[in-house]
Structure formats: structure tokens, C-alpha cells
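Structural overview
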Amino acid sequence: APARHVTARVAPLGSRLILVLVEDRTKERRVEAVRRDFVANVSHELKTPVGAIRLLAEAADEAAEDPEAVRRFAGRMLTESDRLSRLVQQVIELSRLQGDEPLESPLPVSLDDAIAVAVDTSAIDASAKGVTVVTGGVGGLKVLGNEEQVTAAVANLVANAVSYSERDSTVLVTTKAVEGATDGNVEISVVDQGIGIPTDEMDRIFERFYRVDPARHRSTGGTGLGLSIVKHVAATHGGDVRVWSVEGQGSTFTLTLPQHSPDHPALSTTTQEE
Ligand code: ADP
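Right, let's walk through the structure included here. Source: prediction; values computed, not measured.

Let us look at the pattern of salt bridges. Counted under the stated rule, the structure contains 8 salt bridges. Here Arg54 and Glu58 are joined by a salt bridge, their closest N and O atoms 3.2 Å apart. Within this pair, Arg54 and its partner Glu58 are both found in helix 1 (residues 2–62), separated by 4 residues, close to a single helical turn. On the basis of relative accessibility, which here comes to 58%, the residue Arg54 falls in the exposed class. Glu207 serves as the salt-bridge partner of Arg204, at 3.0 Å between the closest nitrogen and oxygen. Through salt bridges that share partners, Glu187, Asp240 and Arg242 make up one connected network.

Shown next, in the form of C-alpha cells:
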């Protein structure tokens, strides 16, 4: 009887142990595969502008007696090197965010300031396309988070709205406070009247390097990393990002982040009076 008892206990213990090991390996492998994929993608993406700059430099060198051509090649080198520095910048941002670890010491961040910086960053591209960026909604809101990350997330959404807008259209950036389950949240919505996103692509656009139309991409100079940065920023803040879109009509991206709500004496007085 004691032998049977022991066997019965050993078997589930043994299989449990095996199962745990298998699970661990699976996760390790998945993380490793994602990392390898990322590195491969980054290398590929870096090679393109570097290769282009090299070719353009060679072409400029050969066209030395033709100042007009040299100027043209120089202009394109500038475009490619801008693209390259944007890519490097975003890869660095992304690698900082990768673990989706919750922020260690979140601080109040002025949403008005973050939006002002984001709008400024896109101002040149917007005016080149005749796109007007309008801000509205509730002013004076604060997010509980990391200023650099919040600004980067909003800047990526505004930059996308501008680059996928039709000419001479409007991009609207609005803010509002919403009630969360326990604490308040803020919602930042970026609405454009641009090309829109096909329904079956809506989940995928948040993946690294995913682009709905890679060909178009070259001309807009995008990196395919912007939305994955937004997604990671939302994750580290315990918030989220959602998208609504109708192809050919436009898109709305809404980023939800925790609100820093200082005590509102005026508000609590009102509540007491009631
Ligand atoms: P990119 O640098 O290409 O803009 P993102 O990660 O920011 O990279 O976006 C991924 C893809 O999602 C874009 O290539 C584009 O196809 C689509 N997308 C993002 N924002 C918009 C938008 N506002 N309107 C239409 N398509 C968008």
C-alpha cells in the first residue's frame, strides 16, 4: 500500500515538473524569436537609407561638373539621412520601452505641453501639405506618467495623422477626462480626414515595422515603428490605444492614460453642498 501511494504522488509531480520546463522554454524561445526578428528588421531597415546615401554620394561625385545635379543628389541625401536619424531615434525609444514594465516613479505631465510639442514637431510637414492641426477639448489636464514618453506617443499620432491626411484637410487633437474604474483617465484623440485603414489591417498596424502600404511608405518617410511606440507607452502607463477608421474618410486614434488629479477644492465643496 505504501508503494502504491508513493507512485501516485510521484507521477503528477513528475509530469508537472516537465510541464513547467516546457512552458518556460516556449516563452524563452518566443522572446528570443521576437528579438531576432527585431534585430533582422532593424538591420534591413538601416541598410536601405545607408545604401541610398552611398549611391547618391557616388552619383554626386560623378556629376561634379553639373551643379544642378549635385544639388538634386544632395537634397535626396538629406531626405535619406533624415529618415535614417528618425529610424535610429525610434529604435532607441522602442528598446527603452520594450519590457512594458510599469513606470517606477510616474510624475504629473502637462497634456497641453505634450500636445504643443507634438504639434510643433509636425508643423513643417503639416504646412507643406496645407494640413491645419487644430487642438481643442479640456485644457489643463495632467497625466500621471513620463513626460518624454507621453510626448513621444502623442507626437507619433499627430505625425501619422498629418502624413496620412489628404491635402488641405484638418487634423483635430482633443483631450477629455473620463472616469476609470477606480481612478480617472484622460483621453487624447487624434482625428484625421485622411486615407483611413482597412478593417482587416487595424490590429496589425501596431506591430513593429508593419505598414499597410509599404510602397507609399517610402514617400512618406515613415519607419513603421511609430504605433508600436504608442502601444508600448500606453502599456507602461497602464493605459491603452484604440483606433476607429473608415477607408477613404479618415481615422481616429484614442490614447487613454491615467490622470493625475490634484484635489479639486472647488469640486469637493460643490459635492458637500449637494
Ligand atoms: P509609420 O512610420 O509607417 O507611420 P506607424 O507604426 O506609425 O508607422 O504606422 C503603421 C502603419 O499604420 C502606417 O504605415 C500606415 O499604413 C498606418 N497608419 C498609421 N496611422 C495612420 C493614419 N492616421 N491614417 C491612415 N493610416 C495610418
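Our focus in this paragraph is helix 2 (residues 67–97). The end-to-end C-alpha separation of helix 2 is 45 Å, in line with the 45 Å expected for 31 residues at 1.5 Å each. Listed as buried for helix 2 are Ala69, Phe73, Arg83, Leu84, Leu87, Gln90, Val91, Glu93, Leu94 and Leu97.

This part covers the nonpolar core. In this structure, Leu111, Val150, Ile188, Phe253 and Leu255 are the most contacted members of the largest nonpolar core, which totals 45 residues. Apart from residues lying up to four places away in sequence, Phe253 is in contact with Leu157, Ile188, Ser189, Val190, Ile197, Ile205, Phe206, Leu227, Arg242 and Val243.

In terms of burial, helix 6 (residues 226–236) is a largely internal element, 9 of the 11 residues being buried. Taken as a whole, helix 6 has its buried residues at Gly226, Leu227, Ser228, Ile229, Val230, His232, Val233, Ala234 and Thr236. If you follow the buried residues of helix 6, they end up packed against helix 2, helix 4 (147–163), strand 6 (240–246) and strand 7 (250–258). Gly238 sits one or two residues past helix 6 and shows a positive phi near 70°.

Attention now goes to the packing of aromatic side chains. Counting across every chain of the model gives 2 aromatic pairs. Judged by centre distance (6.1 Å) and plane angle (35°), the ring pair of Phe38 and Phe209 falls under tilted. Placement of the pair is Phe38 in helix 1 and Phe209 in the loop between strand 5 (184–191) and helix 5 (214–220), with a sequence separation of 171 residues. Phe209 shares its class with Phe38; the two are buried. Between the aromatic rings of Phe206 and Phe253, the centroid separation amounts to 6.3 Å while the plane-to-plane angle is 70°, which identifies the pairing as edge-to-face. Taken together, the residues Phe206 in the loop between strand 5 and helix 5 and Phe253 in strand 7 connect sequence positions 47 residues apart. Each member of the pair Phe206 and Phe253 is classed as buried. In this arrangement the basic side chain of Arg72 is found over the ring face of Phe73, its NZ or CZ atom lying 5.8 Å from the centre. The ring of Phe38 carries Arg208 above its face, with NZ or CZ at 4.9 Å from the centroid.

Looking at the secondary structure, you find Asn146 in the loop between strand 3 (142–145) and helix 4. By relative accessible area, Asn146 is classed as partly exposed at 27%. In contact with Asn146, not counting residues within four places along its chain, are Leu103, Val109 and His237. A distance of 2.8 Å separates a polar side-chain atom of Asn146 from the backbone nitrogen of Gln149.

It is worth spelling out the sheet that holds strand 5 at this point. If you walk across this open sheet you meet the 5 strands as 2-4-5-7-6, and the pairing is mixed. If you trace the sheet from one side to the other, it starts and ends with strand 2 (132–137) and strand 6, each paired once. Here the average twist between neighbouring strands, direction ignored, is 15°.

Right, let's talk about the layout of surface pockets for a bit. Here the second largest pocket is characterised by a volume of approximately 240 Å³. Of all elements in the fold, only helix 1 and helix 6 reach the threshold of two or more residues within the lining of the second largest pocket. Counted by class, the lining of the second largest pocket contains 3 nonpolar, 3 polar and 4 charged residues.

On to the environment of Gly196, then. Within the fold, Gly196 resides in the loop between strand 5 and helix 5. Since its relative accessible area comes to 13%, Gly196 is described here as buried. A C-alpha to C-alpha distance of 32 Å links Gly196 and Glu101, two positions 95 residues apart in sequence. When residues no more than four places from it in sequence are discounted, the contact partners of Gly196 are Ser245, Val246, Glu247, Gly248, Gly250 and Ser251.

Thresholds applied
Residues numbered from 1 in each chain as written. Predicted model: local features only at pLDDT ≥ 70, side-chain atom pairs only at ≥ 80, totals over all residues. Heavy atoms only, no water. Salt bridge = Lys/Arg side-chain N within 4 Å of Asp/Glu carboxyl O. Helix = DSSP H or I, 4+ residues; strand = E, 2+ residues; numbered from the N terminus. Buried < 20%, exposed > 50% of the residue type's maximum accessible area, 1.4 Å probe, protein only. Expected span 1.5 Å × (residues − 1). Core = buried A, V, L, I, M, F, W, Y, C linked by side-chain atoms within 4.5 Å. Contact = heavy atoms within 4.5 Å. Phe/Tyr/Trp six-rings, centres within 6.5 Å; stacked < 30°, edge-to-face > 60°. Lys NZ or Arg CZ within 6 Å of the ring centre and 35° of its normal. Polar contact = N/O pair within 3.5 Å; in protein donor to acceptor, adjacent residues only side chain to side chain. Pairing = 2+ DSSP bridges. Axes fitted to C-alpha atoms, helices over the stretch in contact; angles between N-to-C directions. 1 Å grid on protein atoms, 1.4 Å probe; cavity = no way out; pocket = protein on both sides within 12 Å on 5 of 7 lines; lining within 4 Å. Points joined across faces, edges and corners; volume = space filled by probe spheres on them. Nonpolar A, V, L, I, M, F, W, Y, C, P; charged D, E, K, R; others polar.

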